[in-house]
Structures are given as structure tokens and as C-alpha cells.
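Descriptive structure summary
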Amino acid sequence: MVRENGPDGTVSYQGFKRRFVERASLQLERDTGDHVFNPDLPPYAAWKGEPRRAAVLIPLIERRNEAYVILTLRTPHLRSHAGQIAFPGGKIDPEDANPTAAALREAHEEIGLAPARVAVLGELAPYRTGSGYHIVPVLGEVVSDVRLVANPAEVADVFEVPLSFLMNPENHQKKSRPWEGQERYFYAMPFENRYIWGVTAGILRSLFETVYG
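How each quantity is defined
- Residues numbered from 1 in each chain as written.
- Predicted model: local features only at pLDDT ≥ 70, side-chain atom pairs only at ≥ 80, totals over all residues.
- Heavy atoms only, no water.
- Core = buried A, V, L, I, M, F, W, Y, C linked by side-chain atoms within 4.5 Å.
- Buried < 20%, exposed > 50% of the residue type's maximum accessible area, 1.4 Å probe, protein only.
- Helix = DSSP H or I, 4+ residues; strand = E, 2+ residues; numbered from the N terminus.
- Phe/Tyr/Trp six-rings, centres within 6.5 Å; stacked < 30°, edge-to-face > 60°.
- Lys NZ or Arg CZ within 6 Å of the ring centre and 35° of its normal.

Details of the nonpolar core
- Within the largest apolar cluster, 34 residues are counted, with the highest numbers of intra-cluster contacts made by Phe-16, Leu-166, Ile-196 and Leu-207.
- Residue assignment for this core shows that the elements contributing at least two residues are helix H1 (13–24), strand S4 (52–63), strand S5 (66–74), strand S10 (133–142), strand S11 (155–162), helix H4 (163–166) and helix H5 (198–212).
- If you tally residues by element for this core, the top one is H5, at 7 residues.
- Ile-70, Ile-92, Leu-113 and Val-155 belong to the second-largest nonpolar core, a separate cluster that totals 18 residues.

Okay, structure coming up:
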């Protein structure tokens, strides 16, 4: 059975899911985003105009009695966030019924994950980025026998990271980089040869705070 490290002790993977379902709907108004870590930085600081609506899927999968999060490595030729680690996801299109539908559609397009193979557990509070995105993260459980195929136009690699690693606050590093003459702070969660940082790490931190905060 998977053990998850939380401030109030360890709980099983089933306990993690139960806590998420119980708590997520009560925290949808919680303020999350790049600006929370940088109090002097307003939401969407580097974007002019209306925020761009997007959704991502946080896919959980159980293998060998342990839970993992599926992540992608973006291809190096993309216009934004090229070569970075990300969740499957993207812009919410007018044809999408809601953010969950958009997240599932994008996951199907990017890694071949059919919506029917995902049991949606719920949404997190929207994450607002400095670059102008209003992102709704959707947590979903993927069937264990699924076969994922990366879309080479967008995804260079698909890999998995233990949920226990990502939900351990000791692995949530606080980093900074200069931006417009000031230090801007963000989370990073390096795992083996993968550098998980920025918005992806921020959303994972939001998931941690939703379940254990």
C-alpha cells in the first residue's frame, strides 16, 4: 500500500484520494498562482489583456502497489515553455463543455490517453500564472493497463514520478531567478534527471496544500 507523507502523519493512497475528494470542493476559491509566492507581483503580471483560460490533467496511475503522477516533457520547438516538464493540457476551446472536458481532450491529443480511461476525482483551485494563464488543474485516476503514446508535435517524452515523492514537502525546493530587476520565486522538485519547476511544481504544491493544508 502506498504511503503518503503529510503534516499529520502518513496515510494510504486511498486515504490521499479520500482526503482530496473531501477537501477539494471546499478550496476552489483558494488563491493560487505565481503571485502568491511573490506578493509584490500581481496575477498575470507579464500579460496584457484578459487571462487565457486553460486546463491541465494531473493523471494518477497505480503500478506495483504504488501511485505515480504522469508528466510530459515538451518538445524543444514549441513557442512557449519549450523543453519544460508539464502536465497534459492546454487552452480551453469554445467546444469544450468545461475545464475537465478540455483537460481530457488535451491529454488524448498529447499522450493518447482516452477520456474513458480516466476516472475524474475533481478540480483544484485555478492557478494563475504571471504569463497570463488561468489554469484549472483536474485530478484523475488512470487505469493501470493504459498504453500512452506521445504526440511528437508536442511531447518529447512521457514519464512517471512517485506521488509519495511529489507530496513530500521536503522535496519542495524554493528557488528564484531575476525578472525585470527583481528576484522572482518559484517551486522546484528535481527528481532523478528531471527538473520539475515553475507552474508544474506550483500546481503540485497546490495539490499538496489542498490535501494536507
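Picking up after the structure, the text goes on.
Quick notes on the packing of aromatic side chains
- Per the stated rule, a full pass over the model turns up 7 aromatic pairs.
- Taking 6.3 Å as the distance between ring centres and 50° as the angle between the ring planes, the aromatic pair formed by Phe-16 and Tyr-212 counts as tilted. One end of the pair, Phe-16, is in helix H1; the other, Tyr-212, is in helix H5, with 196 residues separating them in the sequence. Residue Phe-16 shares its accessibility class with Tyr-212, and that shared class is buried.
- Their ring planes at 50° and their centres at 5.4 Å tell us that Phe-208 and Tyr-212 sit as a pair that is tilted. One end of the pair, Phe-208, and the other, Tyr-212, are both in helix H5, 4 residues apart, so they sit about a helical turn from each other.
- With a relative accessible area of 6%, Phe-208 lands in the buried category.
- The buried category is assigned to Tyr-212, whose relative accessible area is 6%.
- Taken together through their ring pairs, the aromatic side chains of Phe-16, Phe-208 and Tyr-212 make up a single cluster.
- Taking NZ or CZ as reference, Arg-52 lies 3.6 Å from the ring centre of Trp-47, over its face.

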